[in-house]
Amino acid sequence: MTASNPLSTQDDVASSLVSHFEIPTYAIKGEDNVTYYKHIRAALDHEPHVTMDDGADLVSTLHKERRDLLPKVVGGTEETTTGVIRLRAMAADGALKFPVIAVNDAQTKHLFDNRYGTGQSTIDGIVRATNILLAGKNFVIAGYGWCGRGLASRARGMGANVIVTEVDPLPALEAVMDGYRVMTMEEAAVIGDIFVTVTGDLNVIDRHHFDLMKDGAIVSNSGHFNVEINIPALEQMAVEKRLVRPFVDQYLLADGRHINLLGEGRLINLAAAEGHPASVMDMSFANQALSLEYLAKNAEKLEKRVYSVPADIDREIARLKLDAMRVQIDVLTPEQVAYLNSWEEGT
């Protein structure tokens, strides 16, 4: 087992996995990139038959550096939007050498983990890092996917004035209809107090945006990698950098403005908080486990590409979750089933 991100590890959990469950674990909170990839290689030294990835660093390293292990791999799963994008790019290039199930695309993952989990834990990380009052602040969210939707809802619930930036007209229109202000990042940069990127792409907040930001602006990321904020540009623009609180780097610009970067631009919900609550992650992990079981039983019939979670697995996880919550729902009668399957019935 290894970390999915240099700041994602909880050291006490990693220690417990080794001490109490004898699971080889290679992860330290705050490790640098060299150590991070050293740990990924150490995990690969165990010669896995299946992979369970979160961001696709494990799978990409396996394909680039340990191709000798590929014939032994039955298949894998991927948890994140960013990872699924990378794996689909690998498949399109013919580079992917085993089937992978996109757990992130399951309804019992993105509708709940991404929306409610990311929404809550991102707010948690920002507040823990800064102790800022959200009420009345202009809260800028880059990206209105399921993570952005959940974050917007949570931020509005705490009294923030939510602004959404997008590149896709469909989610942008949805954000407008949901009652949020939608504008370009260039417009938002002038008025934003708090910025959060959740897009999966790079340089969403760029040098020219930093030029426009007000003194004291807070910039953070809840997408998987730290490329969404152009940190090298911010480093070049700054005349001074200092750590003013744990996980808060304050950059002093030449004109006297300060910009505060949270968690080194990495996942703020994991860097400064504890990630999602277990009561929403259980569905995501159920998707992982049942998808791996499906791969083990069907790998010989699957092509070397990215697959969706089978609908019956997705629905069964929802049923199990409702059962665990002691929530009962109705069941169709035979008459109702017959009606839904008939084309002859009319008005």
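Calculation criteria
Residues numbered from 1 in each chain as written. Predicted model: local features only at pLDDT ≥ 70, side-chain atom pairs only at ≥ 80, totals over all residues. Heavy atoms only, no water. Helix = DSSP H or I, 4+ residues; strand = E, 2+ residues; numbered from the N terminus. Buried < 20%, exposed > 50% of the residue type's maximum accessible area, 1.4 Å probe, protein only. Contact = heavy atoms within 4.5 Å. Areas by Shrake-Rupley, 256 points an atom, 1.4 Å probe, with all protein chains shown as cover. Lys, Arg positive; Asp, Glu negative; His and termini not counted. Charge placed at Lys NZ, Arg CZ, Asp CG, Glu CD. Pairing = 2+ DSSP bridges. Axes fitted to C-alpha atoms, helices over the stretch in contact; angles between N-to-C directions. Core = buried A, V, L, I, M, F, W, Y, C linked by side-chain atoms within 4.5 Å.

### Quick word on the overall build of the protein
The helix and strand inventory of the protein stands at 14 helices and twelve strands. Considered along the principal axes of its C-alpha atoms, the protein spans approximately 70 × 60 × 40 Å. Buried residues in the protein amount to 48% of all 347 residues. Partitioning the contacts of the protein with sequence separation of at least 6, the portion at a separation of at least 24 is 64%. Counting only carbon and sulfur atoms, one obtains 54% of the accessible surface of the protein, whose full area is about 17700 Å². Charge separation in the protein, taken as the distance between the mean sites of 33 positive and 48 negative side-chain charges, equals 2 Å.

### Description of the sheet that holds strand β6 (residues 181–182)
Ordered by their spatial adjacency, eight strands build an open sheet running β6-β5-β4-β7-β8-β11-β10-β9, and the pairing between neighbours is mixed. The sheet is open, and its two borders are formed by β6 and β9 (238–245), each paired with just one other strand. In this sheet, strand β11 (residues 258–262) lies alongside strand β10 (residues 248–253) in antiparallel orientation, the contact comprising five bridges. If you follow V248 over to β11, its bridge partner there is L262. Running over the sheet, helix α6 (residues 146–157) touches β4 (138–142), β5 (161–165) and β7 (194–197) and is turned about 175 degrees from β4.

### Here's the deal with the nonpolar core
In terms of nonpolar packing, the biggest core is built from 24 residues, with I126, F139, I141, V162, I194 and V196 touching the most fellow members. Taken together, the elements giving at least two residues each to this core come down to α5 (107–130), β4, α6, β5 and β7. No other element matches α6, which puts four residues into this core. Counting 23 residues, the second-largest nonpolar core is a separate cluster that includes V204, A217, L234 and Y251.

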